[in-house]
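Here's the letter readout for the chains.
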Amino acid sequence: NQDGKQPPLPSPLRFSKFFQPNMRILITGGAGFIGSHLVDRLMENEKNEVIVADNYFTGSKDNIKHWIGHPRFELIRHDVTETLLVEVDRIYHLACPASPIYYKYNPVKTIKTNVIGTLNMLGLAKRVGARILLTSTSEVYGDPLVHPQPETYWGNVNPNGVRSCYDEGKRVAETLMFDYHRQHGIEIRVARIFNTYGPRMNIDDGRVVSNFIAQAIRGESLTVQSPGSQTRSFCYVSDLVDGLIRLMEGSDTGPINLGNPGEFTVLELAQTVKELINPAVEIKTVDNTPDDPKQRKPDITKAKEVLGWEPKFALKDGLPLMEDDFRKRLGVAKAK
Ligand code: NAD
Ligand code: UDP
Ligand code: UDP
């Protein structure tokens, strides 16, 4: 300029279409069920580069094999309990077994993953100035005495039971997130995810939706763990992924509940799966495991207000999509 002033920089908002910076995104646990759907969604944006770090404990390369070799995608075999050196702008920290049979299999390792793994990812976020999102869980509410559960409820958790490695592990992970935020100014986001289902769930990981669908397809009895009146609320995975991205790119730290408020007893779920997939199968009652929460339903008022998010898929819409995926993987076509 003649008067020596610099011309104003273009408004990032006005020109965002042209000036969007490339975003390098780390997803720990990205070879798992939810992580792989998140990879798919983030890879759709050609400005994103995605790095997955996973030790394949419960995840599989199969879930993300369609991205291997893509120039914007990188896969690292890595255990988050070890130091990780990468340069990224965003960290979605999902690494942790989510199904009771896997997180109870080596409970000490589950605690290390939650505590040391989250500490390491926070140390990484601190070093590179990245924003980090933790996938916490409705299990932080334990066997809840408040129903439905708002984020302000502190929970009712057994500190030394067989589920504690997971519940208490995630509670400490949340504490670490907020302490790094308060002490070091790290940008954090905490999602509390309620039971989520969809394609790519481990077929034999013991969770209720995957068990019932696999049993119905195989013509086996559906195993309702007593009493069957316990409730859960099931969110379809694409809805969940949408909520995670909104949370990451929004301005609220959370914790924010992400889940579908449609609440079903386990027996109702069994009946729905039976009608939908195989009316010939029986429903039998089997023993339950200790500390099973009796009821669970998210209060999603905060997610609606802060993220403008609510789930779109009802259970009856999501189950058939999961059935298709399970039939392909089990090699059992639907009878005409
Ligand atoms: P998942 O088991 O399919 O995925 C977890 C992934 O983490 C797997 O790929 C596994 O190999 C990896 N992993 C485990 N330990 C690791 C370690 N030490 N280092 C590196 N990778 C490791 O489970 P998911 O259902 O996709 O769950 C993803 C996240 O969401 C978890 O943090 C879980 O606690 C949380 N969550 C899930 C649900 C749900 O209903 N699925 C509900 C609440 C919270
Ligand atoms: N860390 C990591 N990657 C990094 C930076 C740190 O994995 O790029 C780990 C590191 O191993 C450490 C943890 O994060 O154990 C916490 O790091 P922080 O700097 O907060 O703590 P300190 O190293 O001072 O104990
Ligand atoms: N459940 C069941 N049959 C099964 C597996 C699970 O009745 O084959 C019940 C279990 O007792 C619990 C509910 O389904 O009440 C949800 O269990 P899941 O392991 O899927 O998730 P979480 O307990 O972590 O919510």
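Structure first, text after, so check above.
Residues numbered from 1 in each chain as written. Chains lettered and ligands numbered in written order. Predicted model: local features only at pLDDT ≥ 70, side-chain atom pairs only at ≥ 80, totals over all residues.

## So, the overall build of the protein chain
- Secondary structure assignment for the protein chain yields 10 helices and 13 strands.
- In summary, the protein chain has a C-alpha radius of gyration of 21 Å against a globular reference of 20 Å for 336 residues, a match within 12%.
- Based on the C-alpha atoms only, the size of the protein chain along its principal axes is roughly 85 × 45 × 35 Å.
- The buried share of the protein chain, reckoned over its 336 residues, is 41%.
- Put simply, 80% of the contacts in the protein chain that link residues at least 6 apart link residues at least 24 apart. (Helix = DSSP H or I, 4+ residues; strand = E, 2+ residues; numbered from the N terminus. Rg over C-alpha atoms; globule rule 2.2 N^0.38 Å. Buried ≥ 20, exposed ≤ 12 C-beta atoms within 10 Å, placed from the backbone. Contact = placed C-beta atoms within 7 Å.)

## Let's talk about the sheet that holds strand 4 (residues 90-93)
- With respect to topology, seven strands assemble into an open sheet ordered 3-2-1-4-5-6-11, the strand pairing being parallel. In this open sheet, the two edge strands, each paired with only one partner strand, are strand 3 (73-77) and strand 11 (256-258). For this sheet, the mean inter-axis angle between neighbouring strands, taken without regard to orientation, is 20°.
- Here strand 1 (residues 23-28) runs beside strand 4; their pairing, made up of four bridges, is parallel. Residue pairing in the sheet places Thr28 in a bridge with His93 of strand 4. (Pairing = 2+ DSSP bridges. Axes fitted to C-alpha atoms, helices over the stretch in contact; angles between N-to-C directions.)

## Topic: the site of ligand 1
- Taken together, 28 residues form the shell around ligand 1, and within it Gly29, Gly32, Ile34, Thr58 and Gly59 come nearest.
- Secondary structure elements with two or more residues in the shell around ligand 1: helix 2 (33-43), helix 4 (107-128) and strand 5 (131-137). (Near = placed C-beta within 6 Å.)

## Some words on the packing of helix 8 (residues 266-277) against helix 10 (residues 315-330)
- Where helix 8 meets helix 10, the closest approach of the two axes is 11 Å, and the angle between their N-to-C directions is 55°. In terms of orientation, helix 8 and helix 10 fall into the oblique class. When you trace helix 8 past helix 10, the crossing you get is right-handed. Contacts from Thr272, Val273, Leu276 and Ile277 in helix 8 reach Leu315, Leu319, Pro320 and Glu323 in helix 10. (Parallel < 35°, antiparallel > 145°, perpendicular 65-115°, else oblique. Left-handed = near helix turned anticlockwise from the far one by under 90°.)

## Some words on the nonpolar core
- Of all hydrophobic cores here, the largest spans 73 residues; its most connected members are Ile27, Ile91, Ile132, Phe212, Ile213, Leu244 and Val273.
- It is helix 6 (residues 208-218) that provides the largest number of residues to this core, a total of seven residues. (Core = buried A, V, L, I, M, F, W, Y, C linked by C-beta atoms within 7 Å.)

## Notes on the pairing of strand 5
- In terms of burial, strand 5 is a largely internal element, six of the seven residues being buried.
- With four bridges joining them, strand 4 and strand 5 adopt parallel strand pairing. Each bridged residue has a counterpart across the sheet, and for Ile91 the counterpart in strand 5 is Ile132.
- Pairing geometry for strand 5 and strand 6 (residues 188-193), over six bridges, is parallel.

## Remarks on helix 5 (residues 164-184)
- Counted at 1.5 Å a residue, the expected span for helix 5 with its 21 residues is 30 Å, and the 28 Å between its end C-alpha atoms agrees.
- Among the residues of helix 5, Cys165, Tyr166, Asp167, Glu168, Gly169, Lys170, Arg171, Ala173, Glu174, Met177 and Tyr180 are the ones counted as buried.
- Next to the buried residues of helix 5 lie helix 3 (100-105), helix 4, strand 5 and strand 6.
- One or two positions beyond helix 5, positive phi appears at Gly185, with a value near 70°. (Expected span 1.5 Å × (residues − 1).)

## Digging into the environment of Pro199
- With respect to the helices, strands and loops of the structure, Pro199 is situated in the loop between strand 7 (196-197) and helix 6.
- Classification of Pro199 as buried rests on a count of 20 C-beta atoms within 10 Å.
- Through-space distance from the C-alpha of Pro199 to that of Leu38 is 13 Å; in sequence the pair is 161 residues apart.
- The contacts of Pro199, once residues within four sequence positions are left out, are Leu321, Met322 and Asp325.

## Some remarks on unusual backbone geometry
- Cis rather than trans, the peptide bond between His147 and Pro148 has omega equal to -15°.
- Mapped onto the elements of the fold, Pro148 is located in the loop between strand 5 and helix 5.
- Along the chain, Ser226 connects to Pro227 via a cis peptide bond; the corresponding omega equals 5°.
- Tracing the chain through its elements places Pro227 in the loop between strand 8 (222-225) and strand 9 (231-233).

## Remarks on the site of ligand 3
- If you check the shell around ligand 3, you find 14 residues, and the closest are Arg207, Val208, Asn211, Thr223 and Gln225.
- Listed by contribution, the elements that provide at least two residues to the shell around ligand 3 are helix 6 and strand 8.
- Sort the elements by how many residues they give to the shell around ligand 3 and strand 8 lands first, with three residues.
- Broken down by class, the residue content of the shell around ligand 3 amounts to four nonpolar, seven polar and three charged. (Nonpolar A, V, L, I, M, F, W, Y, C, P; charged D, E, K, R; others polar.)

## Considering the environment of Gln295
- With respect to the helices, strands and loops of the structure, Gln295 is situated in the loop between strand 13 (283-286) and helix 9 (301-307).
- A sequence separation of 30 residues divides Gln295 from Thr265, and the C-alpha atoms of the two residues are 8.4 Å apart.
- For Gln295, the residues in contact, after removing those within four places along its chain, are Pro144, His147, Gln230 and Thr231.

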